[in-house]
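# What the coordinates show
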Amino acid sequence: MTILTQVEQVEIEYPSSDGEPMAESDITRDYMTYSVEAVKLYFQERSDVYVSANSFIYYEEGNNQAVVAPDVYVVFGVANRKRDNYKVWEEGEITPDFVLEITSETTQTKDQETKPEIYRALGVREYFQYDPSGDYLNPILQGVRLINNQYEPIAAHNMAFDTLWLFSEVLGLELHIISGELRFRVPETGEFLKTHKEENLGRLAAESTLRSLLTQLLNSGMSLEQVAQMMNLSTVEVRRVVGENF
């Protein structure tokens, strides 16, 4: 008689959170939000760039303890889509290219000792740390680049305690500290990256200025057509900005 033995396969779960509430300070959360939104907006036209923040990266199939959660990370060569977490083996073994950690009292040891080794082993090409409090890093922004499988410091420019910048070859962006504040800058244009909210506020402010100027011109006796020609706008656009009163 043949005895069949059934081996039950246990499906390994890869949670999207550890079940604990996020315990980030307001400062850490604000800079994390700025960084991921600004960089994501910068790469919004790229379908092969994934930008995320504070989500789990699982890097060994079958081992849900092999996990790391960068504050901000960017992956090139994978689909730009929403994910619950990032499993390296489901992404063609493609790992993050850029990581930024917002260092704090609770994360300092991991950010400076544990995580760099994990990121080096994963082939993360650039790893930056930013200490908004100024209590743990001097200078408060530091970066390393992977060269021959070892991390080498990225040169800082205009070095001072709270005014400096480093260049990210991976992103093609500069990371600036201005009076202690972290901002990303496009070197070709000198423009600092904004979040969606900041972009919208900028557009609203610009439109408010334009509305005021158009209204003054129309109140001076110029016709709608004359104002449109002077401002290189269509009459429809002028009427949209100033309203239907003219």
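In what follows, the accompanying structure is described. (Residues numbered from 1 in each chain as written. Predicted model: local features only at pLDDT ≥ 70, side-chain atom pairs only at ≥ 80, totals over all residues. Heavy atoms only, no water.)

## Some words on the nonpolar core
Of all hydrophobic cores here, the largest spans 31 residues; its most connected members are Phe 98, Leu 100, Tyr 130, Leu 171 and Phe 184. Only α1 (26-42), β1 (49-52), β4 (72-76), β6 (98-102), β7 (126-130), β11 (163-168), β12 (173-178) and β13 (181-185) provide two or more residues apiece to this core. Here this core takes 6 residues from α1, the largest share from any one element. If we ignore the near neighbours within four places in the chain, the residues touching Phe 184 are Tyr 34, Ser 35, Val 39, Phe 98, Leu 100, Leu 171, Leu 173, Glu 174, Leu 175, Glu 191, Phe 192 and Leu 193. Among the nonpolar cores identified, the runner-up in size contains 15 residues, and Tyr 50, Val 88, Val 99 and Ile 118 belong to it. (Core = buried A, V, L, I, M, F, W, Y, C linked by side-chain atoms within 4.5 Å. Buried < 20%, exposed > 50% of the residue type's maximum accessible area, 1.4 Å probe, protein only. Helix = DSSP H or I, 4+ residues; strand = E, 2+ residues; numbered from the N terminus. Contact = heavy atoms within 4.5 Å.)

## A word on the environment of Phe 167
Tracing the chain through its elements places Phe 167 in strand β11. Judged by its relative accessible area of 31%, Phe 167 is partly exposed. Placed 20 residues apart in sequence, Phe 167 and Pro 187 show a C-alpha to C-alpha distance of 9.0 Å.

## Observations concerning the pattern of salt bridges
Applying the stated criterion across every chain yields a total of 10 salt bridges. Where Lys 115 meets Asp 111, a salt bridge forms, and the shortest distance between an N and an O atom there is 3.9 Å. Taken as a pair, Lys 115 and Asp 111 lie in helix α2 (residues 108-122) at a separation of 4 residues, close to a single helical turn. Here Arg 185 and Glu 174 are joined by a salt bridge, their closest N and O atoms 2.6 Å apart. Linking Arg 185 in strand β13 with Glu 174 in strand β12, this pair joins segments that are 11 residues apart in sequence. Looking at Glu 174, the relative accessible area reads 7%, which means it is buried. Among the charged side chains, a salt-bridge network with shared partners connects Arg 81, Arg 83 and Glu 91. (Salt bridge = Lys/Arg side-chain N within 4 Å of Asp/Glu carboxyl O.)

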